[in-house]
2 protein chains.
Amino acid sequence: MIRLLYIFCFVLFSLFCTAQQHPVAFITKADAAFVKANLEKYPVLQKSFRELKNQIDPLLTQDIDVPFPKDPAGGYTHDRHKANYMLMFNAGLLYNVTGDAKYALFVKNILKKYAAMNPGLKNHPEATSSSPGRIFWQALNDANWMLYSGLAYDMVRNSFTTAERKQIEDGAFKPEVDYVTRDLKDWFNLLHNHAVWACAGVGAIGIATDNKDYIDMALYGTTKDGKKGFLAQMDNLFSPDGYYTEGPYYTRYAILPYALLANAVNNTNPGIKIFEHRDRILFKALNTCLQQTNINGQFFPLNDALKEKDYTSNELVTAVDIFWKVYGPNNNWLAVAEKQDRVIVSRGGAEVAAALAAKPGAKMNYKTLESTDGVKGDEGGVSILRAGSGKDLTSLIFKYTSHGLSHGHFDKLNINLFDHGNEILTDYGSVRFIGVEQKYGGRYLPENTKYAAQTIAHNTLVADETSHFNGIGEEGEKYHSDKLYNNFSNPDALVIAAKDEHAYSNIAMQRQVALINIPGGKRLVVDIFEANSQSAHQYDLPFQYNGQLISTSFPYRTFATSLQTLGSKNGYQFLWKEAEADVKAPMVQFTFLNQAKFYTLSSLVPDSAKIFLTRSGANDPNFNLRREPAFIIRRKDTSPVFVNVLEIHGDYDSVNEFSKDAYSSISSIAMIENNADQLLVEIITGGKKLQLAKMKKDFSTTSNHTTAGGLTWKGPYAIWYDGKKM
Amino acid sequence: MIRLLYIFCFVLFSLFCTAQQHPVAFITKADAAFVKANLEKYPVLQKSFRELKNQIDPLLTQDIDVPFPKDPAGGYTHDRHKANYMLMFNAGLLYNVTGDAKYALFVKNILKKYAAMNPGLKNHPEATSSSPGRIFWQALNDANWMLYSGLAYDMVRNSFTTAERKQIEDGAFKPEVDYVTRDLKDWFNLLHNHAVWACAGVGAIGIATDNKDYIDMALYGTTKDGKKGFLAQMDNLFSPDGYYTEGPYYTRYAILPYALLANAVNNTNPGIKIFEHRDRILFKALNTCLQQTNINGQFFPLNDALKEKDYTSNELVTAVDIFWKVYGPNNNWLAVAEKQDRVIVSRGGAEVAAALAAKPGAKMNYKTLESTDGVKGDEGGVSILRAGSGKDLTSLIFKYTSHGLSHGHFDKLNINLFDHGNEILTDYGSVRFIGVEQKYGGRYLPENTKYAAQTIAHNTLVADETSHFNGIGEEGEKYHSDKLYNNFSNPDALVIAAKDEHAYSNIAMQRQVALINIPGGKRLVVDIFEANSQSAHQYDLPFQYNGQLISTSFPYRTFATSLQTLGSKNGYQFLWKEAEADVKAPMVQFTFLNQAKFYTLSSLVPDSAKIFLTRSGANDPNFNLRREPAFIIRRKDTSPVFVNVLEIHGDYDSVNEFSKDAYSSISSIAMIENNADQLLVEIITGGKKLQLAKMKKDFSTTSNHTTAGGLTWKGPYAIWYDGKKM
């Protein structure tokens, strides 16, 4: 059926793809007229236009360098070429909006230099990637160049002579297109976000140059059968919910070529209805990745992610503006656009600017939601449980996805917590200084795989000091975790549970997390982590926290004058052991402060356990790691159940020197029942009983259950507060 | 002369101080009418009024607890009493602005409880201070209570019966006044900021209760001879420039009682011209402390200082509003008021709110300035060298003050750097979690004196691993550093030099720092630190930096699996040695990244030196310290000259993945000449020569000098760039 659709599209598209009126790939004549007419009306549009002019105008009299490729990312030639394609794109926009030929000439002069240089390029001297680039160290960047240069050319080609067009098309573009579609054919045909860029680049050049061959390869793969290429990528790179398996940091990056080529295809062939494709998968992808942000706009750092990235990045500005034009007004996008504080000088950008002027102060509506993973949505997923709103928003992230391709971390059943705008239970993110040449050319650093990707760098269970899947990516990519059940119907007691049976060959893991609003305003994360094995193991459950230790309920030994590492492998070698403690039943508590809020982790200790307070930074010969603390509970057991309660409490006002509710309200945690089928946990908070029962095997929503003490409920879990069901 | 003035004031004041019409201490009838008339006109006033109502109205029906004193700072009774005096003050304001008797009744009910409790109070059970409190653990807090309760009483007393007044004055106030003026007489008569609070408290109660005895003790000391008390404190606690020797964090705290009592005195006795006293010393104090802030409003963390404190604190809101009323409009105060985003519901507050409505967006005008220290301005000082403006402001702080009383650190000739809104060369500040009961009741922690106050925690020279003055405060208080020369006339080459000859008995130290704008936009701090001794010493020059290490020009050894401390005493025991290096002439470079900017420290190595990369956090059994890095240069020598250049360079855009100018432009540093009289340093930056000559003994501004190479200049120093004098 999908095949038939492709063939249909293919035929349809072929009818339209020749002899287009240009520009058409990014902006049309009508779009440009619309922008021009509104340019002075809306402040953000006006400002964005001025910024373009301020960027380009001083350069018009300069000779723009197109240096022979030499440097890795962060180096001069890399940054110069990266700047060049954006300069060409921006000048192309100015040409269309102002009609001033100087902008077209500016683009032409640069393109001519590429036309002279590109035919002579060999693989980049700094190429270390499996898909080496020519203008850049990796082909991915060449694809970026193709996409923007193609769109730029489309915007100015009507000012070129026929001979000039041929010069550009044969000299600047053909060598790059040939390189990626022939030499790197296998890479081009991947269903992977780098290949999305490649297809978008070749597609944009195809549309700009009326080259049907290029367009067809871009949309349907080099063999043009639709099994590969842009449409197949739309079908295969997102889950049905629009989740991209590499995580939101990469969705941000992946969505740009989707938005740009889809826009070009939509302009040249609206009949293909590309923005409706797969039940509006691009619409879902944008919204899903925007929900996976902190209130300051930063993407949740799942997998390899740089924490600085937020939705004000150019990719999201472009996507929001294009999608607004296509899908119409959207309150969340408006809130995002206001933080972006700029638009692309385009029809969508003008419409967004108009909406911003009409309705300032829109707020993102952050929701509790699950995003499934996998093309069919059956490879686990990630859930975000949320409570509160505005500055007081709490977001608990629970990850039970598939591996996340080459950027995946060994973090099955991991949790992270954001609260009051801060990352509280942290994910290291990736070890990389993108764009900084001194740090290995801005590439991923060795500590990325050796530490940041390892299980101990996360907030999930580590058995026997060994990472999930033994830290082997290929192994991790074979499996995914699975949701067991969830219930988001009561906003005061959000519950999700998932299992993983592959991360360790002989240990089955289950984790249920609940975000609970206790009447009166307390907010608790109740985390029940079960491991099941036939044999005894050493289990470590780490909580990477962000804050200053305030107090503990237990004595601990610090290492005053000499520090040792926690272990020697699988990420443990990067952790200094700052303190350790032998603790006994029934409970330990650990309070830390992050800005204005106190957080207390209360841990059930059934018999005894070891606690480690660690800090990253050991075995770090190049100072690539940040120094970040963790609280780790270690137990030796066969099938332990870890029960932890993280309480968000109090207020600390350092300016006015007040603290309020600086102490935890949790006075005890007890495991009341724990058998092969079910368990019951009892927590005393503020003198009241909070009870959580959960099943271990029977997750039917209709089965009835009873505890030994006579509590009854239906379904996989139940929560009672002060005797009343939540 | 000053004595005569006191006597004159004293006589004059006596004529006015009886039978005032109340309210008069904080707000007058006319003030209240003015506020009421403008309440709905100006948004910030309206908002601040609403906030007061929102705070007080829900409490009107509640029985406010006045618990028997029990807890230390951060505990319940402490925070309750602290809240109570502000509640009374705020309710008093509401009574005057609305005329609604319920607010007066609210204050009365609370005061009656204090009247019942206070006569029975003994020293606080948690009192550990040399000036124990009764309602609170320390008398300072009792003084806070007296000041605000006194002002509150003044605002509501006209609604009390004569019997009620007597009940309050005898029961609530007299025991407190008697306690601080008799039992704590010596403390009350100190010339110290705690005593300012005590005098302000007794003075406010005196004015509120028409008690001439109290007023006289407050203004002139318990013996009423003017040698002590509030006016003597105005004469003795600030330098002529308005610098308060404990530093801006404490000026912030100290200025509140000055503002409040001066306002009350001015209302009751304008003839005394208290706001003109000592050439407008209070005006200068406010402006000096506002200049000693980062662009985000945080006070420079000189001495014991909590870094979170900024000028939005209640103390500064109060001072700005009172001073505006007295001294008239001021653009810097307007900028500060806008960030404060609230006003005191008072005449000054209403005027500020009106100005904010009329002229939003005022910007602080940060200046290069020197503030002398010492009552006569002859005990050294602190200079702030500034370049750039707005977000691009660089502020180099050079401290050559006296010790700073009990809150002083052993940091003679210390430098700190703020740039782009961030603290770059850092001062640890103080080790204290104010208001957090779990951290030793919110008091200073042991690591404050053991680490934060020690020399190695700063950016100045440490000889033989021993702090200045052997870390003995009493010794430090005997001496001060001295300015040698400065020149702020060329904004592109700001220079200041100072010496210290007491911090080490056998070592004289001189430091010249220059903040230089190189044509083309580079900004450099050139730091020449000379030590002079008859014998060899181990000299450590630390640079506490805030950022991520990006690269070094030298190889270093890290301690992969085991860390040791840098030393065993004088603060060294708190530093982990993360790396060390043996380096050789001529230069080492060290680059770190802080958010969007790169910083490279280039250090001259004349022969050889050791480099240590350290991090705080060793010997920290209660996790009281932050983990912060330092770069330390160690040399063994008799009279070394340390030449260091800190270059601010480049731009790092992590959202758009660009870095620009990530490499230092400094290619060499050389000591061209260095004899007993003078030295000449040559720095190559961007291929151009930057030369700095300085004298070692002859600091006359009119002497002429020549280098061996034939460079000539006049005065204590000279700077040439590319052959031209700067």
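Above this text sits the structure in question.
Residues numbered from 1 in each chain as written. Chains lettered and ligands numbered in written order. Predicted model: local features only at pLDDT ≥ 70, side-chain atom pairs only at ≥ 80, totals over all residues. Heavy atoms only, no water.

Once chain A is rotated about the relating axis by 180° and shifted along it by 0.1 Å, it coincides with chain B to within an RMSD of 0.1 Å. Look at the turn and shift together and you get a two-fold axis relating the two. Within chain A, the C-alpha atom positioned nearest to the axis of rotation is that of L563 of chain A, 2.4 Å from it. Taken as a fraction of all interface residues of chain A, those also at the interface in chain B reach 100%, which identifies the copy contact as same-surface. (Least-squares fit on C-alpha atoms with pLDDT ≥ 70 in both. Contact = heavy atoms within 4.5 Å.)

Ranked by size, the top nonpolar core spans 210 residues in total, and within it W145, F230, L282, F323 and F631 of chain A carry the most contacts. When neighbours within four sequence positions are excluded, F230 of chain A is seen to be in contact with V196, C199, A218, L219, P257, Y258, L261, A262 and I274 of chain A. In this structure, L93, A139, V317 and L425 of chain B belong to the second largest nonpolar core, which totals 209 residues. (Core = buried A, V, L, I, M, F, W, Y, C linked by side-chain atoms within 4.5 Å. Buried < 20%, exposed > 50% of the residue type's maximum accessible area, 1.4 Å probe, protein only.)

This part is about the sheet that holds strand β3 (residues 394-400) of chain B. All names here are of chain B. Spatially, 5 strands are ordered β1-β2-β3-β4-β5 in an open sheet, and the strand pairing comes out antiparallel. Looking at strand neighbours, the two that pair on one side only are β1 (369-372) and β5 (422-425), the edges of this open sheet. Averaged over all neighbouring strand pairs, the angle between strand axes comes to 20°, with direction disregarded. By the bridge criterion, 4 bridges tie β1 to strand β2 (residues 381-387) in an arrangement that is antiparallel. (Pairing = 2+ DSSP bridges. Helix = DSSP H or I, 4+ residues; strand = E, 2+ residues; numbered from the N terminus. Axes fitted to C-alpha atoms, helices over the stretch in contact; angles between N-to-C directions.)

The next point concerns the pairing of strand β24 (residues 678-685) of chain B. Residue and element names in this part refer to chain B. The buried fraction of β24 is high, at 8 of 8 residues. Neither face of β24 is open: one carries Q678, L680, E682 and I684, the other L679, V681, I683 and T685, and all of them are buried. Taken together, the 7 bridges between strand β23 (residues 666-674) and β24 define a ladder with antiparallel strand orientation. Residue S668 lies in a different strand from β24, and its bridge partner there is I684. Between β23 and β24, which pair antiparallel one after the other, the connecting turn spans 3 residues. Alignment of β24 against strand β25 (residues 688-695), held across 8 bridges, turns out to be antiparallel. Opposite T685, over in β25, you have K688 as the bridge partner.

A separate point is the sheet that holds strand β17 (residues 597-604) of chain B. All names here are of chain B. Strands sit in the order β7-β8-β9-β10-β20-β17-β16-β12 across an open sheet of 8 strands; the sheet is antiparallel. Strands with a single pairing partner mark the edges of an open sheet, and in this sheet they are β7 (482-487) and β12 (548-552). For this sheet, the mean inter-axis angle between neighbouring strands, taken without regard to orientation, is 15°. For strand β10 (residues 523-533) and strand β20 (residues 641-649), the ladder comprises 8 bridges, and the chain directions are antiparallel. Bridged to E530 within β20 is V641.

This part takes up the packing of helix α12 (residues 248-268) of chain A against helix α13 (residues 277-291) of chain A. Residues and elements named next belong to chain A. Interhelical geometry of α12 versus α13 gives an angle of 150° and a closest axis separation of 10 Å. By the criterion of interaxial angle, the relationship of α12 to α13 is roughly antiparallel. For α12 against α13, the interelement crossing comes out left-handed. Here P248, T251, I255, Y258 and A262 of α12 come into contact with α13, specifically with L282, A285, L286 and C289. Grouping the amino acids of the contact of α12 with α13 by side-chain chemistry returns 8 nonpolar, 1 polar and no charged. (Parallel < 35°, antiparallel > 145°, perpendicular 65-115°, else oblique. Left-handed = near helix turned anticlockwise from the far one by under 90°. Nonpolar A, V, L, I, M, F, W, Y, C, P; charged D, E, K, R; others polar.)

By themselves, these observations are geometric and do not establish any function.
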